[in-house]
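# Structural overview
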Amino acid sequence: MGDEVFDIGWAEGVLQEERPFRMECWGFAGSTGVTVFMASEELEHADAAQVHALLEASGVITTLEPQQLSVLHFVDAAGTPCLSISYIVANEDDEYFVEAHPLLTSYRPGNGEGTGDGVR
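Keep in mind it's a predicted model, so treat the numbers as computed, not measured. (Residues numbered from 1 in each chain as written. Predicted model: local features only at pLDDT ≥ 70, side-chain atom pairs only at ≥ 80, totals over all residues. Heavy atoms only, no water.)

### Observations concerning the side chain of Ser84
Definition in use: Counting from the N terminus, the helices are the DSSP runs of H or I reaching at least four residues and the strands are the DSSP runs of E reaching at least two. Note on exposure labels: buried denotes an accessible area under 20% of the residue type's maximum, exposed denotes more than 50%, and partly exposed covers the range between, all computed with a 1.4 Å probe on protein chains only. Whether two residues are in contact is decided by their heavy atoms: any pair within 4.5 Å suffices.
With respect to the helices and strands, Ser84 occurs in strand β6 (residues 81-90). We classify Ser84 as buried; its relative accessible area is 7%. Setting aside residues no more than four positions away along its own chain, Ser84 makes contact with Thr35, Val36, Phe37, Ser70, Val71, Leu72 and Phe74.

### Some remarks on the packing of aromatic side chains
What characterises a pair of aromatic rings is the spacing of the ring centres plus the angle enclosed by the ring planes. For the record, the criterion: Any Phe, Tyr or Trp ring, taking Trp's six-membered ring, that has another such ring centre within 6.5 Å forms a pair; planes under 30 degrees apart are called stacked, those over 60 apart edge-to-face, and the others tilted.
Applying the stated criterion to the full structure yields one aromatic pair. Seen in terms of ring centroids, Phe37 and Phe74 are 6.4 Å apart; in terms of plane orientation they differ by 85°. Their pairing is edge-to-face. Residue Phe37 is found in strand β3 (residues 31-39), and its partner Phe74 is found in strand β5 (residues 71-75); the two are separated by 37 residues along the sequence. Of the residues examined, Phe37 reaches a relative accessible area of 28% and is grouped as partly exposed. Given a relative accessible area of 28%, Phe74 falls into the partly exposed group.

### Quick word on the side chain of Asn91
Keep this limit in mind: Here a polar contact is taken to be a pair of N or O atoms separated by no more than 3.5 Å, where protein atoms must pair a possible hydrogen donor with a possible acceptor and residues adjacent in sequence count only if both atoms sit in side chains.
Along the chain, the position of Asn91 falls in the loop between β6 and β7 (98-100). On the accessibility criterion, Asn91 (14% relative accessible area) is buried. Here Asp93 takes part through its backbone nitrogen, which lies 2.9 Å from a polar atom of the side chain of Asn91. Apart from residues lying up to four places away in sequence, Asn91 is in contact with Gly30, Ser31 and Phe97.

### Section: unusual backbone geometry
Phi angles above zero are rare outside glycine, and Glu42 is one such case at about 70°. Note on placement: Glu42 falls in the loop between β3 and α1 (48-57). Residue Asp94 is not a glycine yet carries a positive backbone phi of 60°. The exposed category is assigned to Asp94, whose relative accessible area is 57%.

Listed below in structure tokens is the structure:
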């Protein structure tokens, strides 16, 4: 697959503070990653450590190995201020860094909803 980016699946849920999120799982150059998106209301100045702590406390992400994280703040097409944070789940050497727990829905046609499982 080389350096091709490909979509694996997605999940939606609600964090402990009733904040909806969307997770997208993707692959690139032998690695698997996830990106979590959410509205940034009350998190406008949040850094990666604060967002990561919220995701861990909500049971969305479990850290297996520390990694450098950053938060991207943006405005979506509907004009909503949002943020995203991305994780490398595993690399090409089968080293695992996080577990993502929401059940994934595959992007592949005909696979139905909820046919996947958490990402590790």
